[in-house]
Amino acid sequence: MEDILIRNGLITTHNRQYKSDILISGGKIKNIGEKLIPEDKNIRMVDASGHIILPGGVDPHVHMSLPTGNGRSSDDFESGSIAALSGGTTTIIDFVTPERGESLHSALSKRKKEAENSLCDYSLHMSITSIGPETEKEMFEMVKNEGITSFKLYMAYKSSVGMDDKDILKAMDMVKRAGGISMIHCENGDVEDFLNEKMVNSGKTGIGNYTGSRPPEIEIDAVNRAILFSGITKCPLYIVHLTTEQGVESILKAKKRGLHVFAETCPHYLTLDDSVYEKGEKGAKYIMSPPLRKIHDIQRLWDGLNDGTLEVISTDHCPFNSKGDDYSGPDDFSSIPKGVGGVDHRMSLIYSKGVNEKRISIHRFVNLVSTRPAKIFGLYPQKGIITKGSDADLVVWDPEKSSKITAKTQFQNCDSSVYENFKITGAPSIVIAGGKVVFEKGNFDLTRAKGNYIYRKR
Ligand SMILES: [Zn+2]
């Protein structure tokens, strides 16, 4: 494996910014210092003058090749990981979703097969969709032997993967004993089912009615219940894709009470509002759950990211082609698979809308897209930091590079983008993953990229 010496870059972490050289060898950061002299003449030199060096991004919430009633999400692990790398994300965490009653081990081995062709490092969260006699034992084995320390629970989707409150409490109690963390999809599934049925029965399924089937109150109710359950079971809680102002307030209160409650939001909830659903069938590509919200929610989410109430920005990357076989629209939310892409644009979007527009500092940015997710999910300090001995996952970031997002030029496998024509400034110039330059000035060297399954710690 070739050695690399990065010179003249401005190293930027969650709490420091300083000029230094970085020596990479054997896939790891071997040394950091001023004016490092290469021992080997064949070393690859990278001049990073005028650039920022960031730790590789960690996106802890993606769904590659996700099976749904309307077909699989359009990125598999190969295309999705290429998209991730193109945007500076060098580690992704996806999910294992066992059928009800299926053993966690058998679901894991199937999902690992699908994930094998990932070109960036990856790990998996385990979903718990039912409680059986073996569940607790298997959870302990996941934590101990498989490096899976996080368990996803759904308050929504009760007819498929969701569970009722009592089973969610039981699962959290087990997760606590196993030394893991619970991740909860917070929407009140019964209310959502009721509203959805009512709208379908009365033929009110136009895109413009979508938010009515998943109003903010069903998230707020579920967030409060999840926090209550976390307090009762003492199980650490990570709330996925938070969207509402009141949700942020509830998390702030929980943190003040000393509860171990963490939360993420996603770029789409920070950059788009629910007025897009008024576009009729043209709003179809914005169908996601939870739906987009109001301007005041967006404002509170940014404030929450800035003051530390929200600690992670993930993408919930789950694109679907809008004109392909998966689509049976047009103006009918009930028949459209729910999800949007973004793994390739997460870092540029947040840098543009967050750092450039002065909503968050550059250190907060690094924390949100890399360091905090690495810490919360047991990847730190292997990932999420630039320090001696860490994996050499680095982004040589060009803070001046301006471009426009379009579906035509994106790396994710999808024929549309919710960010079409968004202008962004700040993008990777070079991406180094596992100690190898895999992406440089818009071009991939895929022969060099190879993702490994990462065992996580408690
Ligand atoms: Zn998700």
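Residues numbered from 1 in each chain as written. Predicted model: local features only at pLDDT ≥ 70, side-chain atom pairs only at ≥ 80, totals over all residues. Heavy atoms only, no water.

In total, this model carries 14 aromatic pairs according to the counting rule given. Arranged with centres 5.8 Å apart and planes meeting at 65°, the rings of Tyr-210 and Tyr-277 form a pair that is edge-to-face. Of the two residues, Tyr-210 is situated in helix 6 (residues 210–213) and Tyr-277 in the loop between helix 9 (267–271) and helix 10 (295–307); the sequence distance between them amounts to 67 residues. The exposure class of Tyr-277 is buried, given its relative accessible area of 2%. Note on Phe-439 and Phe-444: the rings are 4.7 Å apart at their centroids and 55° apart in plane angle, and the pair reads as tilted. Of the aromatic side chains, those joined through ring pairs into one cluster are Phe-77, Tyr-122, Tyr-453 and Tyr-455. The ring of Tyr-453 has Lys-112 lying over it, and the distance from NZ or CZ to the ring centre is 4.3 Å. Geometry around Tyr-380 places Lys-375 over its ring, the cationic atom sitting 4.8 Å from the centre. (Phe/Tyr/Trp six-rings, centres within 6.5 Å; stacked < 30°, edge-to-face > 60°. Helix = DSSP H or I, 4+ residues; strand = E, 2+ residues; numbered from the N terminus. Buried < 20%, exposed > 50% of the residue type's maximum accessible area, 1.4 Å probe, protein only. Lys NZ or Arg CZ within 6 Å of the ring centre and 35° of its normal.)

Time to look at the environment of Gly-203. Structurally, the position occupied by Gly-203 is in the loop between helix 5 (189–201) and helix 6. The spacing of Gly-203 and Pro-399 is 196 residues in sequence and 49 Å in space, taken between C-alpha atoms.

This part covers the nonpolar core. Soluble globular proteins tend to pack their nonpolar side chains together in the buried interior. In terms of nonpolar packing, the biggest core is built from 99 residues, with Ile-239 and Phe-365 touching the most fellow members. Other than its neighbours up to four places away in sequence, Ile-239 contacts Ile-184, Cys-186, Val-223, Ile-227, Ile-251, Val-261, Phe-262, Ala-263 and Glu-264. With 17 residues, the next largest nonpolar core counts Tyr-18, Ile-22, Ile-29 and Ala-48 among its residues. (Core = buried A, V, L, I, M, F, W, Y, C linked by side-chain atoms within 4.5 Å. Contact = heavy atoms within 4.5 Å.)

Reference geometry at the metal: tetrahedral coordination by four donors gives ideal angles of 109.5 degrees; octahedral coordination by six donors gives 90 or 180 degrees. Listed as protein donors to the zinc ion are His-61 (NE2), His-63 (NE2) and Asp-316 (OD); their distances from the metal cover 2.0 to 2.2 Å. Expressed as a motif, the donor residue spacing for the zinc ion is H-x1-H-x252-D. In this pair, His-61 sits in the loop between strand 6 (57–59) and strand 7 (67–68) while Asp-316 sits in the loop between strand 15 (312–313) and helix 11 (346–356), placing the two residues 255 residues apart along the sequence. You'll find His-61 and Asp-316 in the same group, each marked buried. (Donors = N, O, S within 2.8 Å, 3.2 Å for Na, K, Ca; no water.)

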